[in-house]
Amino acid sequence: MAMIIRFITVVAFFAAAAPTVSAFAFPPSVSTSASIGNARIRSQMTPAIATFISPSSPECSIRSSSGSSSLSALPFSAGSGMMMNSFVVKSVARKLIVALVSAFALLNFRKVFQPNSLIKGDKSTTDADLPEVAPSCPFIGNQILVGSRQFGTGYFYHKMSAILNHPRMWVYSFMGTPGMVVSGGQRVKSILNKEFAADGVKNYVQPNGVLNEHNLLAESDKKKHSLLRRLVGSAMTPSRVTASMPALQEAAEKQVQKMVNSNKDNGHNNDIYTMETVCNDYTLDVAWQQILGLDLKEDDIPEFTKAVDTWISGFTSVRVNMNIDAQRAPCFKAKKYLQALIMEKIEYLEKNGPDGSTVSGMVFAVDDNAEVEGGGTGRKLTKEEVVENSLLLILAGSETSASTLTNAMLCIGLNKETWKNVVEEQKKVVSKYGNEQGKVEFTTKMLDRECPYLDAVVRETMRIKPISQGAPRTTKKTMKVDGFQIPKGWGINWSVLLTHELDPVTYKEDGSHMDVRTGFVPERWLEDTTKPTTDFIPMGAGPRYCLGSTLAYAEMKVFLAVLAQNVNDFQLAEGQKEKDVLWKRLSIIPRPLNGVPITIQPSTVVSESIKIEQEVSRQIKNKIPTISVTDLPNKKMITKQDNNEVDLVLS
Ligand code: HEM
């Protein structure tokens, strides 16, 4: 209740100061419950919050969208009686609000103006102290949602950690409620491993109908969570991901071919492709094709995409979260459409037997040891559980992978040697596994064994621009971690970003190791001495470790591999060079502001050289001592042969 009052006070205060600022109405639970969700969540939040919070300072900098501070900024026309009346009413109402707020502030002076002075540890159960408390702003405490254009999401944590000299645990407060920021792989794991324990932590994602209690993310009972995880997880095992490779490849080829073909049609290379859009489309194609196993026609895809967007917007809808005629909100209509598609698929599978989709894996999964209602064992997922968890996989898997891929393209675009190495590696894959036309059918083994550099690129992207944090946890009892206490009922924001940033293996005093322009070094993953180990946690830890991690890695690698086989080189468009990398302020995983527009050079040279390499290895196999340059597709290329080692030199 106190929280609600504080919240209303803040909203009222801003409403008085600038008419539009009531959009600030964003309870922390909304933002956190969406933590592993979709960027469309972010897009709802961005205009509402970011406009009013200055990126230049992590603390105390609130301004109106116009930059003016307000009360005088009222739109009215002197000639209109109606407008005049409305102005008078508004003006009186505003004065009343200011008076009420001022009275509240005076009565709650310490709470409002010195919120940190009220932060107390729990001395009843432990002698341990609280760690350092971050300096905070009167009224709202710390602006934990603040991202910056220069840094992107997570800026508050990054900046405040530096201000405090990088302690691994520190206290923040958000609108009067304290919480703990924790970083460090082992420390975070020790906390997350206590999920479900009586003296441990719980995830406070609350089902609000947009997803209901049947999905495993919202499940807080240990036994039920692990049952759901086993059944849903059996549809996402490495062998099932291996079986899904053709579908992933088809989805990647569709996007890449669209880019390459449109270049060819236009006969020039100046077309601009926004990688954020391409990667979103790719991961949504994976969602309907592989996860749901649907056979959508090209014309139906926009409807599916729109339904996913609208459904996801429900997570941040004030109407839904405040339950104001919620069931008629557009997100529920969209959910009904998606539910109907999945139900239809389930019925089809029940009639026709399993296929390679994830939904199919869930429909036919059986836990032989788990009890069934009414007696016996052999528990299966109910239809409702299949539907809810399929939707969860779309929510948890699409935006995360799409953002990481988009970031990979930005990092590679800023570090030109990287793409050359990726392309070289793929040339080798094609020459070893390609058919007559140079086409490769990817397998997970092939990617694991033959593409260490590609793997390094994906990991390095997730190291340098990770998900800022997973869903915050709450302590069930006062906990002791590293000699400090985390009092009962406090939130724990376990920071992936700070864990990566402070990893001693990669740490640089000047912060350059986290800068996409200077710190993106995939090569560090190729040596045991330089690669991050325990302080690399992009997929979380403990019983809620990302269930889709194998699929996510495969999905991202397949896309980049297909792109590298078809695009010899690409450039960041709009002159996005070293100094002007800007970010969206709020997103689950940082997202570049401009969506990473690129121009491409389709790889005629690569495909020709691939043909040459194939020809050379064919001739070596057939023990033909020399090859004729004139037989090869590109006559400018010279081959030389020396003791059976063949080198191709591109002139
Ligand atoms: C780059 C891509 C991805 C990243 C960075 C990522 C990250 C994470 C993180 C950090 C968590 C832990 C959340 C927590 O403990 O609060 C998580 C959980 C989860 N992820 Fe992922 N994820 C990715 C892709 C995927 C994909 C592709 C899927 C499925 C299609 C997926 C499904 C899930 C599910 C179902 C959970 C919840 C598990 C549970 O509560 O037991 N994720 N993910």
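How each quantity is defined
Residues numbered from 1 in each chain as written. Predicted model: local features only at pLDDT ≥ 70, side-chain atom pairs only at ≥ 80, totals over all residues. Helix = DSSP H or I, 4+ residues; strand = E, 2+ residues; numbered from the N terminus. Buried ≥ 20, exposed ≤ 12 C-beta atoms within 10 Å, placed from the backbone. Contact = placed C-beta atoms within 7 Å. Pairing = 2+ DSSP bridges. Core = buried A, V, L, I, M, F, W, Y, C linked by C-beta atoms within 7 Å. pLDDT = per-residue confidence, 0-100. Axes fitted to C-alpha atoms, helices over the stretch in contact; angles between N-to-C directions. Near = placed C-beta within 6 Å. Nonpolar A, V, L, I, M, F, W, Y, C, P; charged D, E, K, R; others polar. Parallel < 35°, antiparallel > 145°, perpendicular 65-115°, else oblique. Left-handed = near helix turned anticlockwise from the far one by under 90°. Expected span 1.5 Å × (residues − 1).

### Quick word on the overall build of the chain
A count of helical and extended segments in the chain gives 22 helices and 14 strands. Out of the 651 residues in the chain, the part that is buried amounts to 43%. Looking at the chain alone, contacts between residues at least 24 apart form 74% of all its contacts between residues at least 6 apart.

### Section: the pairing of strand β6 (residues 377-380)
As paired strands, strand β5 (residues 366-371) and β6 are joined by three bridges and run antiparallel to one another. From the neighbouring strand, E371 faces β6, where its bridge partner is T377. Here β5 folds back onto β6, and the loop between the two strands holds five residues, one of which, G374, carries a positive phi near 90 degrees.

### A few points about the nonpolar core
By size, the foremost hydrophobic cluster in this structure holds 98 residues, and its most contacted members are V558, F559 and L560. The element that contributes the greatest number of residues to this core is helix α16 (residues 383-414), accounting for 15 residues. Apart from residues lying up to four places away in sequence, V558 is in contact with M245, L248, Q249, A252 and F442. Core analysis: the second largest hydrophobic core is formed by 39 residues, V171, Y172, M479 and I486 among them.

### Let's talk about the confidence of the model for the chain
Per-residue confidence for the chain gives a mean pLDDT of 80, with 77% of residues at or over 70. Confidence drops under a pLDDT of 50 for residues 1-80, and excluding neighbours within four residues, the segment shows 146 contacts in the predicted structure. Here residues 623-651 scores under 50 on pLDDT; set against residues more than four positions off or in separate chains, the count is 39 contacts.

### Focus: the sheet that holds strand β4 (residues 273-274)
Strand order in the open sheet formed by three strands is β4-β12-β11, with antiparallel pairing between adjacent strands. In this open sheet, the two edge strands, each paired with only one partner strand, are β4 and β11 (567-572). Pairing of β4 with strand β12 (residues 597-602), which is carried by two bridges, proceeds in the antiparallel orientation. Among the inter-strand pairings, Y273 is bridged to a residue of β12, identified as I598.

### Things to note about the environment of G519
With respect to the secondary-structure elements, G519 resides in the loop between α20 (496-501) and α21 (549-566). The partly exposed category is assigned to G519, around which 19 C-beta atoms lie within 10 Å. In this structure, the C-alpha to C-alpha distance between G519 and I464, residues 55 residues apart in sequence, is 7.7 Å. In this structure G519 touches I464, S512, H513 and M514, once residues within four positions along its chain are discounted.

### Observations regarding the sheet that holds strand β10 (residues 491-494)
Within the open sheet, the five strands sit side by side as β1-β2-β10-β7-β3. Their pairing is mixed. A single partner strand is all that each edge strand has here, and the edge strands are β1 (169-174) and β3 (201-203). Taken pair by pair, the neighbouring strands of this sheet meet at an average axis angle of 35 degrees, ignoring direction. Strand direction decides the pairing type here: β1 and strand β2 (residues 177-182), joined by six bridges, are antiparallel. Bridging from a neighbouring strand, F174 pairs with T177 of β2.

### Focus: the site of the ligand
Of all residues adjacent to the ligand, which total 23 residues, the nearest are G397, G470, G540, C546 and G548. Every element with two or more residues in the shell around the ligand is listed here: α16 and α21. Ranked by residues supplied to the shell around the ligand, first place goes to α16 with seven residues. Residues belonging to the shell around the ligand are distributed by class as follows: 14 nonpolar, seven polar and two charged.

### Quick word on the packing of helix α17 (residues 416-433) against helix α19 (residues 452-464)
Geometrically, a packed helix pair is captured by the angle between its two axes and the distance between the axes. One way to put it is that α17 packs onto α19 with a least axis distance of 8 Å and a crossing angle of 140 degrees. Taken together, the axes of α17 and α19 are oblique relative to one another. Contacts between α17 and α19 involve T418, N421, V422 and E425 on the former and, on the latter, Y453, L454 and V457. Counted by class, the contact of α17 with α19 contains four nonpolar, two polar and one charged residues.

### Considering the packing of α16 against α21
Look at α16 against α21: their axes get within 10 Å of each other, and the N-to-C directions meet at 40 degrees. In this view, α16 runs oblique relative to α21, as classed from their interaxial angle. Taken as a pair, α16 and α21 cross one another with a handedness that is right-handed. Contacts between α16 and α21 involve G397, T400, S401, T404, L405 and A408 from the former and L551, A552, E555, M556, F559 and L560 from the latter. Broken down by class, the residue content of the contact of α16 with α21 amounts to seven nonpolar, four polar and one charged.

### Here's the deal with α21
Think of an α-helix as 3.6 residues a turn; residues three or four steps apart then line up on the same face. Along its 18 residues, α21 runs 26 Å from first to last C-alpha, staying within 8% of the 26 Å computed at 1.5 Å per residue. Burial runs high along α21: 16 of the 18 residues are buried.

### Focus on unusual backbone geometry
Negative phi is the rule for most residues except glycine; trans is the rule for most peptide bonds. Unusually for a residue other than glycine, H166 sits at a positive phi of about 55 degrees. You can see H166 is positioned in the loop between α6 (155-163) and β1. A positive phi is found at F196, a non-glycine position, where the angle reads about 80 degrees. Mapped onto the elements of the fold, F196 is located in the loop between α7 (185-192) and β3.

### Details of α19
Look at α19: 18 Å from first C-alpha to last across 13 residues, which is about the 18 Å you get at 1.5 Å a residue. All of the buried residues along α19 are L454, A456, V457, V458, E460, T461, M462, R463 and I464.

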